[in-house]
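One letter stands for each residue in the lines below.
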Amino acid sequence: MDDSIRLPHKLTLNERNALSVSGVSEVIGFDDSSVVMRTSMGVLTVHGKQLQLKNLSLEGGMVAVEGNIAALIYAESQSKQSLWSRLFR
């Protein structure tokens, strides 16, 4: 997906067992204990137990996760600047 297009980002968590996420451009990886996705607000990691992807629509930027959700963690997207320019700001 083109990085210049910023999808609206929204999270909806129902009773820590059903999560809907919009603004998703890529699901980087998933298993039964974590789901990692790239959103318009950075990389989002969902931690928990018995996690399942219930809905995946990257054309619309929507992902639904069900299971026992324990944590939602954002990591900022890595800068596309060179190592030297980041070191000497």
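Structure's up top.
Reading guide: rules and limits
Residues numbered from 1 in each chain as written. Predicted model: local features only at pLDDT ≥ 70, side-chain atom pairs only at ≥ 80, totals over all residues. Heavy atoms only, no water. Helix = DSSP H or I, 4+ residues; strand = E, 2+ residues; numbered from the N terminus. Buried < 20%, exposed > 50% of the residue type's maximum accessible area, 1.4 Å probe, protein only. Salt bridge = Lys/Arg side-chain N within 4 Å of Asp/Glu carboxyl O. Core = buried A, V, L, I, M, F, W, Y, C linked by side-chain atoms within 4.5 Å. Contact = heavy atoms within 4.5 Å. Pairing = 2+ DSSP bridges. Axes fitted to C-alpha atoms, helices over the stretch in contact; angles between N-to-C directions.

Asker: In this structure, what is going on with unusual backbone geometry? I would like to understand it.
Answerer: Across the chain, the bulk of peptide bonds are trans and the bulk of non-glycine residues have phi less than zero. Positive phi, close to 50 degrees, is recorded for Glu-15, a residue that is not glycine. With respect to the element layout, Glu-15 can be found in the loop between strand E1 (10-14) and strand E2 (18-22). Notably, Gln-50 is not glycine yet its phi reads approximately 55 degrees, a positive angle. Tracing the backbone through its elements, the reader meets Gln-50 in strand E5 (residues 42-57). Since its relative accessible area comes to 64%, Gln-50 is described here as exposed.

Asker: Honestly, the pattern of salt bridges in this entry has me stumped. Any pointers?
Answerer: Pairing is possible between side chains that carry opposite charge, provided their charged atoms lie close to one another. For the coordinates displayed, the defined rule picks out one salt bridge. For Glu-26, the salt bridge is made with Arg-38, and the minimal N-O distance between the two is 3.1 Å. Within this pair, whereas Glu-26 is found in strand E3 (residues 24-30), its partner Arg-38 is found in strand E4 (residues 34-39), the two being separated by twelve residues in sequence. Since its relative accessible area comes to 33%, Glu-26 is described here as partly exposed. Residue class for Arg-38 comes out partly exposed when judged on its relative accessible area of 31%.

Asker: How should I be thinking about the nonpolar core in this particular structure?
Answerer: Generally speaking, a soluble globular protein has its nonpolar side chains buried in company with each other. Within the largest apolar cluster, twelve residues are counted, these being Leu-19, Val-21, Val-24, Val-27, Val-35, Met-37, Leu-44, Val-46, Leu-51, Val-63, Val-65 and Ile-69. Of all the secondary structure elements, the ones that give two or more residues to this core are E2, E3, E4, E5 and strand E6 (62-75). For Val-24, the residues in contact, after removing those within four places along its chain, are Leu-7, Met-37, Arg-38, Thr-39, Leu-58, Gly-61 and Val-63.

Asker: Explain the side chain of Thr-45 to me, please; I cannot follow it from the model alone.
Answerer: Summarising the element assignment, Thr-45 is placed in strand E5. A residue is classified by how much of its surface remains accessible, and Thr-45, at 17% relative accessible area, is buried. Residues contacting Thr-45, with those up to four places away along its chain left out, are Val-35, Val-36, Ala-71, Leu-72 and Ile-73.

Asker: Explanation requested: the sheet that holds E2 in the structure shown.
Answerer: In any sheet, the strands associate via hydrogen bonds between backbone groups, in a parallel or an antiparallel arrangement. Taking strand neighbours across the sheet as the criterion, the six strands line up as E1-E2-E6-E5-E4-E3 in an open arrangement whose pairing is antiparallel. Edge positions in the sheet fall to E1 and E3, since each of these pairs with one other strand and no more. The mean inter-strand angle of the sheet, taken between neighbouring strand axes irrespective of direction, is 35 degrees. Bridging between E3 and E4 involves five bridges; their strand directions are antiparallel. For Glu-26, the partnering residue across the bridge sits in E4 and is Arg-38.

Asker: Looking at this structure, how should I read the side chain of Ser-34?
Answerer: Within the secondary structure, Ser-34 sits in strand E4. If we ignore the near neighbours within four places in the chain, the residues touching Ser-34 are Gly-29, Val-46, His-47 and Leu-51.

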